[in-house]
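Coordinates in review
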Amino acid sequence: MISEQEILNASILIVDDQQSNVLLLENILRDAGYARVASTTDPHAVCDLHRKNRYDLILLDLQMPGMDGFQVMEGLKKIETDGYLPVLVITAQPGHKLRALAAGAKDFVAKPFDLVEVQTRIRNMLEVRLLYKKLDNYNQLLEQTVLERTAELRASEERYRRWTELTSDWYWEQDENGHFTKISGPVQEMLGIRVDGAHGKSRDGQGVQWNEAEREVLEANLAARRPFLDFVYSRTNPNGSRQYLMVSGEPMFDSTGRFTGYRGIGKDVTESMKADSPPG
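Below is a summary of the structure that appears in this document. (Residues numbered from 1 in each chain as written. Predicted model: local features only at pLDDT ≥ 70, side-chain atom pairs only at ≥ 80, totals over all residues. Heavy atoms only, no water.)

This part takes up the packing of aromatic side chains. All told, the structure shown has five aromatic pairs when counted by the stated rule. Joined through ring pairs, the aromatic side chains of Trp172, Phe228, Phe253, Phe259 and Tyr262 make up one cluster. Lying over the aromatic face of Phe108, Arg121 brings its terminal NZ or CZ to 5.2 Å of the ring centre. (Phe/Tyr/Trp six-rings, centres within 6.5 Å; stacked < 30°, edge-to-face > 60°. Lys NZ or Arg CZ within 6 Å of the ring centre and 35° of its normal.)

This is how it looks when you write it as C-alpha cells:
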C-alpha cells in the first residue's frame, strides 16, 4: 500500500508554455498538499530535467511551439527504458487523447481545468506510479537476494566438498529407501555392499568377515534415522588382516520435515587404530 505521505511527497514536473497555466496547476497542487512541485515553460528542457530528477509524474501540455508534447514523449522513452512513461497529458483537443495514450501517456486532463478532475487524476496516477516503483524495487531486491543466496550456497557446497575430500576417503548419500544416490570413493567396498541391478543391494560375501555386533549397531542407527559421529567398525579381510573403518552420517529432511535419506563420510583408520593399540 502507498501512504498519504508518500503520495504528497512525490516529485511532480509541470510542463506548459503558458505561464498562467503553470501557475494555476502549481496552486492546485500546493493547495492539495503536494510538497515537491517543479515547473518549466521550455519543452526542450524536459528530458534533461527528468534524467536528473526522475519525476514521479510529469504534467505535459501537448500543444507547445518549437517542440510539442508528442516529441517530448519520444525523448522520454529513451530515458524510461522499461517502457513506463509517468506522463499525464494536458490537452484542449479531444482528438489528441487517444493519440497521446498510444504514444505512451498514462492519462490526460482536459482544458479548461476542472479542479476535481485534475486532483483525482493526479492522485490516482501517482498512486499507480508509486506502486509500480515499489514493485520494481522489490523485484530488484529479490533478484539481488537470490543471486547472493545462490553464491553463498555454491561457496558452501564448495567448502563442504573440499572438507569431505580432505577429511574422508569416501562420501555417500542414500534416499529414504536406502538406495545410494551419490557416491564418492570406494563406498560400496567399505560398507560391504554389493549392488545388484539398478537399486538392489546385498551384503558382500567374498571372504570378508564383518564384526556383526558393530554392524548391527550401525544398521540400527540408520534404521532409527539417528545421526552418528566417528563410528568405528571392523572387518577381517580374506588375507587375515584386520581393517578398521570410521563413518559419520546424518539423516536428511526436506522443508516439510519428511525424511529423504542419509548422507555421510568415512575413512580407513586402520593405521591409527593399530598405533593406538597396546603391543600384544
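Back to the write-up after that little detour.
The subject of this paragraph is the pattern of salt bridges. Tallied over the full model, the rule gives 16 salt bridges. Notably, a salt bridge pairs Glu80 with Arg54, separated by 3.6 Å at the nearest N-O pair. You can see Glu80 sitting in the loop between helix 4 (69-77) and strand 4 (87-91) and its partner Arg54 sitting in the loop between helix 3 (46-53) and strand 3 (57-61), a full 26 residues away along the chain. Glu80 sits in the buried class, given a relative accessible area of 8%. Look at Arg54 and you get partly exposed, because its relative accessible area is 40%. Between Asp61 and Lys111 there is a salt bridge, with the nearest N and O atoms lying 3.3 Å from each other. Taken together, the residues Asp61 in strand 3 and Lys111 in the loop between strand 5 (107-110) and helix 6 (115-167) connect sequence positions 50 residues apart. Under the relative-accessibility criterion, Lys111 is labelled partly exposed at 24%. A cluster of three or more residues bridged by salt bridges with shared partners is formed by Asp16, Asp61 and Lys111. (Salt bridge = Lys/Arg side-chain N within 4 Å of Asp/Glu carboxyl O. Helix = DSSP H or I, 4+ residues; strand = E, 2+ residues; numbered from the N terminus. Buried < 20%, exposed > 50% of the residue type's maximum accessible area, 1.4 Å probe, protein only.)

Next up on the list: the pairing of strand 5. Burial of strand 5 is two-sided: the residues Asp107 and Val109 facing one way and the residues Phe108 and Ala110 facing the other way are all buried. Here strand 4 runs beside strand 5; their pairing, made up of four bridges, is parallel. Counted as the bridge partner of Thr91 is Ala110 from strand 5. Read from strand 4 through helix 5 (residues 96-102) to strand 5, the crossover connection turns out right-handed. (Pairing = 2+ DSSP bridges. Right-handed = clockwise from strand over helix to strand, strands pointing away.)

Read across the sheet, five strands follow the order 2-1-3-4-5 without closing on themselves; strand pairing throughout is parallel. Every other strand in the sheet has two partners, leaving strand 2 (36-40) and strand 5 as the edge strands with one partner each. The average angle at which neighbouring strand axes cross in this sheet is 20°, direction not considered. Those strands touched by helix 3 are strand 1 (11-15), strand 2 and strand 3, and its axis lies near 175° from that of strand 1. Contacts from helix 4 reach strand 3 and strand 4 within the one sheet, and its direction differs from that of strand 3 by about 150°. (Axes fitted to C-alpha atoms, helices over the stretch in contact; angles between N-to-C directions. Contact = heavy atoms within 4.5 Å.)

Where helix 3 meets helix 4, the axes come as close as 9 Å, and the angle between the chain directions of the two elements is 35°. For the pair helix 3 and helix 4, the sense of crossing is right-handed. Contacts between helix 3 and helix 4 involve Val46, Cys47 and His50 on the former and, on the latter, Val72, Gly75 and Leu76. Partitioning the contact of helix 3 with helix 4 into residue classes produces four nonpolar, two polar and no charged. (Left-handed = near helix turned anticlockwise from the far one by under 90°. Nonpolar A, V, L, I, M, F, W, Y, C, P; charged D, E, K, R; others polar.)

Note that every value here comes from positions in space, so none of it alone points to a role or purpose.
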